[in-house]
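# Coordinate inspection notes
Spelled out, the chains give:
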Amino acid sequence: MVYYFTSNVVDPPGFVYVGKDKFENEDLIKYGWEEDVWCVLPFHVDKLSSAHIYLRLSEGQQWDSLPEELLMDLAQLTKANSIEGNKKDNITVIYTPWSNLKKDGSMDTGQVSFKDHKKVKRILVPQRENPIVNRLNKTKVEKKPDFKKERDDHIKELRQKEQAVLLQKRKQEAKQAQEWKEKKWQKDHAYDDIFTEEQMAGSSNQDRAADWEDDFM
């Protein structure tokens, strides 16, 4: 089971989801959307047992420059979903892009590390803010998704978009090439009509009458 939340402190709203337990967390780690330009931010309480909280970025968002209000929603939700962390003040929540997660066979179920610790950010949570947690809990929805199918469908959709963009680009390039070709032809043949056989004859002295020079006298 996965719990979905909506953070309305930003527009468009933040799409947040949480694994029910460490086994759900394992699936979320395995089937993340690496190519997703909106990315997935895993959140968990530093050094304390916690659910993994994920945010799917909206278009144009960057993981390292999220609005403070959205970060606080995520941090409070992380704290609230930690049995130990929820009881403590002044805890640190860490977050990083899904693509930065590192998982190997030596780790326990649901446990992760990081490929690059420089891509790990921290946020201090002084205490639980019930208004924030209550607001988020009102949006809570439980689902049991097929993680693999969702990611496969997402990858398929991304490829279709990439192919559509590539096709449009090729059409634009072909159109531009044709326009350049036509302009070049027009430039190369700009004086063709001036030098037709009839016009050349009209401008030649060879076929003029003998007294044609009298016109200038």
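The structure under discussion appears in the preceding block.
What comes next concerns the included structure. Bear in mind that the values here come from a model prediction, so they are computed numbers and not experimental data.

### Some remarks on the nonpolar core
The biggest cluster of nonpolar side chains holds 23 residues, and the ones touching the most others in it are Phe5, Val16, Val18, Ile53, Leu55 and Leu77. Of all the secondary-structure elements, those providing two or more residues to this core are strand 1 (2–7), strand 2 (14–19), strand 4 (53–56), helix 2 (68–80), strand 5 (91–95), strand 8 (121–125) and helix 3 (130–137). It is helix 2 that provides the largest number of residues to this core, a total of five residues. Grouped together as the second largest cluster of nonpolar side chains are 14 residues, Tyr17, Ile29, Tyr31 and Val120 included.

### Some thoughts on the environment of Asp146
In this structure, Asp146 sits in the loop between strand 9 (141–143) and helix 4 (147–188). For the pair formed by Asp146 and Asp27, sequence separation is 119 residues and the distance between their alpha carbons is 9.7 Å. For Asp146, the side chain forms a polar contact with the main-chain nitrogen of Lys148, separated by 3.3 Å. Within polar-contact distance, the side chain of Asp146 engages the backbone nitrogen of Lys149 at 3.1 Å.

### Description of the side chain of Thr96
Tracing the backbone through its elements, the reader meets Thr96 in the loop between strand 5 and strand 6 (101–102). Accessibility expressed as a relative area gives 1% for Thr96, which makes it buried. A polar side-chain atom of Thr96 sits 2.9 Å from a polar atom in the side chain of Asn100.

### Describing the pairing of strand 1
Residues in a regular strand point their side chains to alternate faces of the sheet. Summarising burial for strand 1: five of the six residues are buried, a large majority. Bridge count between strand 1 and strand 2: six bridges; the pairing is antiparallel. Along strand 2, the bridge assignment pairs Tyr4 with Tyr17. A loop of six residues connects strand 1 with strand 2, the two strands running antiparallel in sequence.

### Focus: the packing of aromatic side chains
Across all of its chains, the model carries five aromatic pairs by this definition. Plain terms: the ring middles of Tyr17 and Tyr54 are 5.3 Å apart, the flat faces sit at 10 degrees to each other, and that makes the pair stacked. With Tyr17 in strand 2 and Tyr54 in strand 4, this pair connects stretches of sequence that are 37 residues apart. A single burial state applies to Tyr17 and to Tyr54, both of which are buried. Site record: aromatic cluster; members linked through ring pairs are Tyr4, Phe15, Tyr17 and Tyr54.

Basis of the calculations
Residues numbered from 1 in each chain as written. Predicted model: local features only at pLDDT ≥ 70, side-chain atom pairs only at ≥ 80, totals over all residues. Heavy atoms only, no water. Core = buried A, V, L, I, M, F, W, Y, C linked by side-chain atoms within 4.5 Å. Buried < 20%, exposed > 50% of the residue type's maximum accessible area, 1.4 Å probe, protein only. Helix = DSSP H or I, 4+ residues; strand = E, 2+ residues; numbered from the N terminus. Polar contact = N/O pair within 3.5 Å; in protein donor to acceptor, adjacent residues only side chain to side chain. Pairing = 2+ DSSP bridges. Phe/Tyr/Trp six-rings, centres within 6.5 Å; stacked < 30°, edge-to-face > 60°.

So yeah, pure geometry; function would need other evidence.
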